[in-house]
Amino acid sequence: MKKTYLLTPGPTPVPEVVLASFARPLIHHRTPEFQKLFEEVKSALKRFFQTENDVMILASTGTGAMDAVVSNLFSPGDTVLTLNAGKFGERWTEICRAYQANVIEIVVKPGDTISIEQVRIAVKANPTLKAILFQASETSTGVVLPTREICELARTHGLVSICDAITACGVFSLPMDAWGIDVMITGSQKALMLPPGLSFVALSERAWKLEESSRNPHFYFDLRKEKNASAKNQTAWTPATSLIQGLSESLKLIEAEGYEELYARHERLARATRAGVDAIKLKRLGLDCPSPAVTAVWVPKEIVDGKKIVKTLRDRYGIAIAGGQNGLEGKIFRLSHFGYCSEFDVVTALSGLELVLNELGYSVKFGTAVGAALEVFHQATVV
Ligand SMILES: *Cc1c(COP(=O)(O)O)cnc(C)c1O
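Residues numbered from 1 in each chain as written. Predicted model: local features only at pLDDT ≥ 70, side-chain atom pairs only at ≥ 80, totals over all residues. Heavy atoms only, no water.

Quick look at the nonpolar core
Next up, step 1: Counting residues in each nonpolar core, the largest one holds 64 residues, and the members touching the most others are L83, V119, I132 and L247.
Next up, step 2: At 8 residues, the largest contribution of residues to this core is made by helix α2 (residues 32-49).
Next up, step 3: Inspection of this core shows a minimum of three residues originating in each of domain 1 (16-256) and domain 2 (259-381).
Next up, step 4: Contacts of L83, omitting those with residues within four sequence positions, involve G89, I106, I114, V119, I132, L133, F134, Q135, L145 and I150.
Next up, step 5: V277, V310, F333 and L360 belong to the second-largest nonpolar core, a separate cluster that totals 32 residues. (Core = buried A, V, L, I, M, F, W, Y, C linked by side-chain atoms within 4.5 Å. Buried < 20%, exposed > 50% of the residue type's maximum accessible area, 1.4 Å probe, protein only. Helix = DSSP H or I, 4+ residues; strand = E, 2+ residues; numbered from the N terminus. Domains from an automatic or database assignment. Contact = heavy atoms within 4.5 Å.)

Some thoughts on the site of the ligand
Next up, step 1: Taken together, 14 residues sit near the ligand, with T61, T63, T139, D164 and K190 positioned nearest.
Next up, step 2: Side-chain polar atom of D164 to a nitrogen atom of the ligand: 2.6 Å apart, as the coordinates give it.
Next up, step 3: In the environment of the ligand, an oxygen atom lies 2.8 Å from a nitrogen or oxygen atom belonging to the side chain of K190.
Next up, step 4: Alone, the ligand offers 380 Å² of accessible surface; in the complex the protein occludes 88% of this.
Next up, step 5: Among the elements of the structure, α3 (62-73) and α4 (87-98) are those that each provide at least two residues to the shell around the ligand.
Next up, step 6: In terms of residues, the shell around the ligand owes the most to one element, α3, which gives 3 residues. (Near = heavy atom within 4 Å. Polar contact = N/O pair within 3.5 Å; in protein donor to acceptor, adjacent residues only side chain to side chain. Areas by Shrake-Rupley, 256 points an atom, 1.4 Å probe, with all protein chains shown as cover.)

Some thoughts on the pattern of salt bridges
Next up, step 1: The full count for this structure, using the stated rule, is 22 salt bridges.
Next up, step 2: Each of R24, E249 and K252 takes part in salt bridges that share partners, so that together they form one network. (Salt bridge = Lys/Arg side-chain N within 4 Å of Asp/Glu carboxyl O.)

Focus: the domain arrangement of the chain
Next up, step 1: Per the domain assignment, the segments of the chain are domain 1 (16-256) and domain 2 (259-381).
Next up, step 2: Between the C-alpha centres of domain 1 and domain 2 the distance comes to 28 Å.
Next up, step 3: Contacts between the two partners involve 28 residues from domain 1 and, on the opposite side, 22 residues from domain 2.
Next up, step 4: Counting each side, the surface lost to burial between domain 1 and domain 2 is near 2000 Å², with a carbon and sulfur contribution of 63%.
Next up, step 5: If you look at where domain 1 meets domain 2, you find 0 salt bridges.
Next up, step 6: There are 10 residue pairs in polar contact (both at pLDDT 80 or more) connecting domain 1 and domain 2.
Next up, step 7: Among the secondary structure elements, those contributing two or more residues to the side of domain 1 that touches domain 2 are α2, α4, β7 (143-144) and α9 (241-257).
Next up, step 8: Across the side of domain 1 that touches domain 2, the residue classes break down as 11 nonpolar, 11 polar and 6 charged. (Buried area = accessible area lost by both parts, 1.4 Å probe. Nonpolar A, V, L, I, M, F, W, Y, C, P; charged D, E, K, R; others polar.)

Section: the packing of aromatic side chains
Next up, step 1: With the rule as written, the count across this model stands at 7 aromatic pairs.
Next up, step 2: Ring geometry for F48 and Y259: centres 6.4 Å apart, planes at 55°, overall tilted. Of the two residues, F48 sits in helix α2 while Y259 sits in helix α10 (residues 259-279), which places them 211 residues apart along the sequence.
Next up, step 3: On the accessibility criterion, Y259 (18% relative accessible area) is buried.
Next up, step 4: Centroid distance Y220 to W237: 6.0 Å. Interplanar angle 15°. Geometry classified as stacked. With Y220 in the loop between α7 (205-212) and α8 (223-231) and W237 in the loop between α8 and α9, the pair connects residues that are 17 residues apart, well separated along the chain.
Next up, step 5: Of the residues examined, W237 reaches a relative accessible area of 25% and is grouped as partly exposed.
Next up, step 6: Site record: aromatic cluster; members linked through ring pairs are F48, F49, Y259 and Y263. (Phe/Tyr/Trp six-rings, centres within 6.5 Å; stacked < 30°, edge-to-face > 60°.)

Things to note about the environment of I332
Next up, step 1: Along the polypeptide, I332 turns up in strand β14 (residues 332-336).
Next up, step 2: Separated by 23 residues in sequence, I332 and I309 have C-alpha atoms that sit 9.4 Å apart.
Next up, step 3: Residue contacts for I332: discarding those within four places in its chain leaves S140, L285, A296, V297, W298, V299, G323 and G324.

Here's what the structure looks like:
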């Protein structure tokens, strides 16, 4: 018997009440029963996005919503700026190129964020830009980008800001309307604590204006069709009804906790994880701008095959954490701490890590990382 722990930045663990909802008999989607469910979910999603805009629900993973935004807003030859701080920023570039946009890309090295100054310079140098596409939280390296400043800058220059908030929305406060985020995207298997299969996208008035002039081909992902269907509490095509039932449960859990405590918990778990990693003298990526969603850590030089950390945690202890992607494979590992996660998920990850590091030749005094994390949790109760 091996008990398993899912501590990856997507999919994240799914709460029991959400899992149980998948066992309910299916409902048909063109019924008053579904419309009522959809209406409730729709208004809760507006609070989740902190927006008055409609939040559309697509039957796809997060990348589907990214694709939909590019295919619905732009035309071949449009110039766009993508901010590439890692694998997901690179994905914006790839999608825009697939739709024949003229892509200006800012690329930084792993673990670095992109400063507002870098963005300002690129915007000034490219007067034909239409939009800036970026990640609020770059999951592949565990860094945040300056979302608020990027959106302000975009507005000043008449550009549309497009934010992949897939490990940001519902992790930390990202007020779409207050910060003037024109397009915001998230996915089901991240902070919404659901299985993969749904993506969510909201557009501002400015973004809809851009959509009107778009000449890119698209069919299945037609955001205007979705918006019109949503007005009738429907989706354009058959919705992933079971996932939407589960979504209703997860949004209830989130609202029962309250947004303030939700964000505070993620911040607390992130601080404890960082304290634990620092205490055992491992080096983190993104020291100046760590994401509250995930902590990325360099594999110490004492461990030659870095992939063994992830593999041993999984095979010996049943703990799933994430490794590095693309060029970072075997060089980093990532500890996730958002969604259906508590203090003891952090403790589980850090204690497993202490065991595995010792096994693989990086010596740690047992309890050091765990002790540092517990200290953070204790201090949080004292205040
Ligand atoms: C998970 C994730 C995505 C979406 O990936 P899918 O595999 O399509 O769900 C996109 N951007 C970020 C920042 C992510 O963390």
